[in-house]
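Chain and residue survey
As a plain string of letters, each chain reads:
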Amino acid sequence: MSDKMNMTIAQARDALRKGDFSAVELAEASLAAVTASKPLNAFVHDTSDIAMNQAKAADARIKAGDAPDMCGIPIGMKDLFCTKGVNSQAASAILDGFKPEYESTVSQKLFDNGAVMVGKLNMDEFAMGSSNETSTYGNVINPWKVDDQDLTPGGSSGGSAAAVAANTCLAATGTDTGGSIRQPAAFTGITGIKPTYGRCSRWGIVAFASSLDQAGPMTKDVRDAAIMLEAMCGYDPKDSTSADIPVPNFEAALTGDIKGKTIGIPKEYRMDGMADEIEKLWADGTAMLKDAGAKIVDISLPHTKYALPAYYVIAPAEASSNLARYDGVRFGHRAKLEAGDGITEMYEKTRAEGFGAEVQRRVMVGTYVLSAGFYDAYYNRARRVRALIKKDFDDVFATGVDAILTPATPSSAFELGKEVADPVEMYLNDVFTVTVNLAGLPGISVPAGLDSKGLPLGLQLIGKPWEEGDLLNTAFALETAIGFDAKPTHWWA
Amino acid sequence: MAIDTTTAARVAKLARIKVEEDQLPALADEFSAILGFIEQLNEVDVEGVEPMTSVTPMRLPRREDVVTDGNQAEAVLKNAPDSREGFFAVPKVVE
């Protein structure tokens, strides 16, 4: 593997500008690493022609002295993003062969910033999953291993996480509806940030649960997260929930100085039966922030326990509405019909063949909670609880808390196949992350150490709305104190 | 709440997903488990709390009611499984 691929975005940006190597050379190194990473099954659609053209254009911009931060940086693109003329299937059979005639706003912004797309990345089908086991393309294998066990990279952005951890690209796009950026980042020892709801345009991103979905970067460190997030976000009139507020220079916010900041430690996140090593990781992280000059306060977020059940009403309800469009008429798969089959049979057979088991389950749960007679008891009640969950955070921030520190996940990466049997057990993976989506807040997962098996664990920092710069700076201070530099053994090539 | 196979069949029908008869009991069990998990929400006092409609305090933006897009029939139909003469084609709907 080439040294170039060990670089961060910031290092490669500076090296490209100095002329140490060209964007074309960097793209070639990345594409070679992508090809060699086949055993991980992270990349699912080849975009090498696009990458080479983008790299040539990037070299021209660098030469002309007109090089934005992402210029010439090889990135992977989650399959959830619509990319013009390139298969964009949300890892679902129902979108077999779908090639959008348009480009998502986030991918377009990255391309305008000079980024080079080296491939489309595997994920859980329609971003529904926490282990990347619901994909029509098959499982992604975590670059981190224990003995010979194949582990999950987490989900739903499992391909993105594995691709970055394996140094096949310098960064990747992810999306996060209940933890889908932060949990896989934690499982693979990388950094992932979900910005405030409304920061990144959702236009052209295949919708799962529209009131929760946000795109964000998955990177090797906090500085890269700041650089790439800035390139991804900004107002977009094509998304009615996009925030019309200026995007600050996030990288400039990384001073590492958190003196006088107040960090809240929520007691409700100390779960019964929490693993000792997670508890220790959290306590160590708290001590490090304190040593860096932050004030530590105990806080209470009383409705935390109800976040997951509220999520599993709201997200399926929105999914059942959003996924109604997959009916075999306008795009993707249509079932073969028998003589006498009408349009209803076409819908029912198409959706039974095209959707995997977890997607079917969630669409039907969503249909149920929205159906006549249950709408108030389930859907409206969940939206009321959601309002209380958000109020918990509002109240805490109103007391002067700047950020909240929690574990990112209840465990390290688990064995593939281990939790598939029980959907509710699988849902518990998101216990620490899902509150953040319900409250629309920014959250970042930072690699914080290795567990007794030698697998990475992450800590999560939760920030105030629109304060990604401040949140990134706190994460930067934590990252600096932790000094995490472990890498998976390069077994796949 | 336990979901029976009749309810499971009704939900599948509403969702327009074909579920074979012999798969209904397993589906009903899964629904029951998930809904059992959701039932915890009944413990919360939500008296006087408005259901959340928008997580950020913002008004949906408005714009002039004018045509801003169109004349892209070819692009619109490009991914259709079946299209004829500038239209999406589907099985006969009206007898």
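Conventions used here
Residues numbered from 1 in each chain as written. Chains lettered and ligands numbered in written order. Predicted model: local features only at pLDDT ≥ 70, side-chain atom pairs only at ≥ 80, totals over all residues. Helix = DSSP H or I, 4+ residues; strand = E, 2+ residues; numbered from the N terminus. Rg over C-alpha atoms; globule rule 2.2 N^0.38 Å. Buried ≥ 20, exposed ≤ 12 C-beta atoms within 10 Å, placed from the backbone. Contact = placed C-beta atoms within 7 Å. Nonpolar A, V, L, I, M, F, W, Y, C, P; charged D, E, K, R; others polar. Pairing = 2+ DSSP bridges. Axes fitted to C-alpha atoms, helices over the stretch in contact; angles between N-to-C directions. Parallel < 35°, antiparallel > 145°, perpendicular 65-115°, else oblique. Left-handed = near helix turned anticlockwise from the far one by under 90°. pLDDT = per-residue confidence, 0-100. Core = buried A, V, L, I, M, F, W, Y, C linked by C-beta atoms within 7 Å.

1. Observations regarding the overall build of chain B
Helices and strands together make up the secondary structure of chain B, namely three helices and two strands. Element order for chain B, N to C, with α for helix and β for strand: α-α-α-β-β. For 95 residues, the compact-globule formula gives about 12 Å, and the C-alpha radius of gyration of chain B, at 22 Å, lies well above that figure. Along the first, second and third principal axes, the C-alpha set of chain B runs to 55 × 45 × 25 Å. Out of the 95 residues belonging to chain B, those deemed buried represent 18%.

2. A few points about the overall build of chain A
Scanning chain A from N- to C-terminus turns up 15 helices and eleven strands. The C-alpha atoms of chain A give 21 Å as radius of gyration, which agrees with the globular expectation for 493 residues (23 Å, within 12%). Expressed along its principal axes, the backbone C-alpha trace of chain A runs to roughly 70 × 55 × 50 Å. The 493 residues of chain A split such that 62% are buried.

3. With respect to helix H5 (residues 158–165) of chain A
All names here are of chain A. Counting buried positions over the eight residues of H5 gives eight, a clear majority of the element. Every buried residue of H5 is listed here: Gly158, Gly159, Ser160, Ala161, Ala162, Ala163, Val164 and Ala165. Residues of H5 that are buried sit in contact with strand E1 (43–46), strand E2 (74–78), strand E3 (116–121), strand E4 (171–176), helix H6 (182–188) and strand E6 (214–219). At the C-terminal side of H5, Asn167 shows a positive phi close to 60°.

4. So, the interface of chain A and chain B
In this assembly, 55 residues from chain A lie in contact with 36 residues from chain B. Mapped by element, the contributors of at least two residues to the side of chain A that touches chain B are helix H9 (307–322), helix H10 (343–354), helix H11 (357–370), helix H12 (375–398) and helix H13 (423–427) of chain A. With eleven residues, H12 of chain A is the largest single contributor of residues to the side of chain A that touches chain B. Considering only residue class, the side of chain A that touches chain B consists of 29 nonpolar, twelve polar and 14 charged.

5. A closer look at the sheet that holds strand E9 (residues 403–407) of chain A
Residues and elements named next belong to chain A. Strand order in this open sheet of eleven strands is E1-E3-E2-E4-E6-E5-E10-E11-E9-E7-E8, and the pairing throughout is mixed. Here the strands that pair on one side only, and so sit at the sheet edges, are E1 and strand E8 (295–299). Each strand of the sheet is rotated relative to its neighbour by a mean of 30°, with strand direction disregarded. Pairing of E2 with E3 involves five bridges; the strand directions are parallel. By the bridge assignment for E3, Ile75 is matched with Met117.

6. With respect to the environment of Gly463 of chain A
Residues and elements named next belong to chain A. By the element assignment, Gly463 lies in strand E11 (residues 456–463). Residues Gly463 and Val401, spaced 62 residues apart in sequence, show a C-alpha to C-alpha distance of 9.1 Å. Apart from the residues lying within four places of it in its own chain, the contact partners of Gly463 are Ala403, Leu441, Pro442, Glu468, Asp470 and Leu471.

7. Here we look at the packing of helix H7 (residues 222–232) of chain A against helix H15 (residues 468–482) of chain A
Residues and elements named next belong to chain A. Running from N to C, H7 and H15 point in directions that differ by 160°, and their axes come no closer than 9 Å. Considering their axes alone, H7 and H15 lie roughly antiparallel with respect to each other. By crossing handedness, the relation of H7 to H15 is classed as left-handed. Here H7 contributes Val222, Ala225, Ala226 and Leu229 to the contact with H15, which in turn contributes Glu468, Leu472, Ala475, Phe476 and Glu479. The class makeup of the residues in the contact of H7 with H15 is seven nonpolar, no polar and two charged.

8. Overview of the pairing of strand E10 (residues 443–450) of chain A
Residues and elements named next belong to chain A. Within E10, six of the eight residues are buried, leaving the element largely enclosed by the surrounding structure. Relative to E10, strand E5 (residues 191–194) is paired through three bridges, and the arrangement is antiparallel. Counterpart to Lys194 in the pairing with E10 is Gly443. Two elements, E10 and E11, share seven bridges in a ladder whose sense is antiparallel. Among the inter-strand pairings, Val446 is bridged to a residue of E11, identified as Leu459. Counted between consecutive antiparallel strands, the loop separating E10 from E11 contains five residues, among which Gly454 sits at a positive phi close to 85°.

9. Some points on the confidence of the model for chain B
Predicted coordinates in regions of low pLDDT should not be interpreted in detail. Residues and elements named next belong to chain B. Mean pLDDT over chain B stands at 93; residues scoring 70 or higher make up 98%. Within chain B, the lowest mean pLDDT, 94, falls on helix H2 (residues 24–38), and the highest, 97, falls on helix H1 (residues 5–14). Among the prediction metrics, the complex's ipTM stands at 0.96, with pTM recorded as 0.97.

10. Points about the pairing of E9 of chain A
Residue and element names in this part refer to chain A. With respect to burial, E9 is a largely interior element, five of its five residues being buried. The two faces of E9 match: Ala403, Leu405 and Pro407 on one face and Ile404 and Thr406 on the other face are all buried. Sheet analysis places strand E7 (residues 262–266) next to E9, joined by two bridges and oriented parallel. Each residue of the ladder has a partner; that of Gly264, found in E9, is Ile404. One ladder, built from five bridges, connects E9 with E11; its direction is antiparallel. Of the residues in E11, the one forming a bridge with Ala403 is Gly463.

11. As for the nonpolar core
Residues and elements named next belong to chain A. Ranked by internal contacts, the top residues of the largest apolar core, which has 173 residues, are Ile75 and Val116. With ten residues, H9 is the single largest residue contributor to this core. With residues up to four places along the chain from it excluded, the contact list for Val116 reads Ala23, Ala27, Ala51, Gln54, Ala55, Ala58, Gly72, Ile73, Pro74 and Ile75.

12. Overview of the environment of Phe37 of chain B
Within the secondary structure, Phe37 of chain B sits in helix H2. Among all residues touching Phe37 of chain B, those that are not within four sequence positions of it are Pro309, Tyr312 and Val424 of chain A.

13. Examining the packing of helix H8 (residues 276–291) of chain A against H15 of chain A
All names here are of chain A. The N-to-C vectors of H8 and H15 enclose an angle of 110°; their axes lie 9 Å apart at closest approach. With respect to each other, H8 and H15 are oriented roughly perpendicular. On the side of H8, the interface is formed by Gly285, Met288, Leu289 and Asp291, while H15 contributes Ala477, Leu478, Ala481 and Ile482. Across the contact of H8 with H15, the residue classes break down as six nonpolar, one polar and one charged.

14. Some details on unusual backbone geometry
Peptide bonds are, in most cases, trans, and in most cases residues other than glycine have a negative phi. Here the residue pair Gly155 of chain A and Ser156 of chain A is connected by a cis peptide bond, since its omega of 5° sits within 30 degrees of zero. Relative to the assigned elements, Ser156 of chain A resides in the loop between E3 and H5. Phi angles above zero are rare outside glycine, and Asn167 of chain A is one such case at about 60°. If you trace the backbone, Asn167 of chain A turns up in the loop between H5 and E4. At Glu85 of chain B, a position not held by glycine, the phi torsion is positive, near 50°. By the element assignment, Glu85 of chain B lies in the loop between strand E1 (83–84) and strand E2 (87–88). Its 5 C-beta neighbours within 10 Å are what place Glu85 of chain B among the exposed residues.

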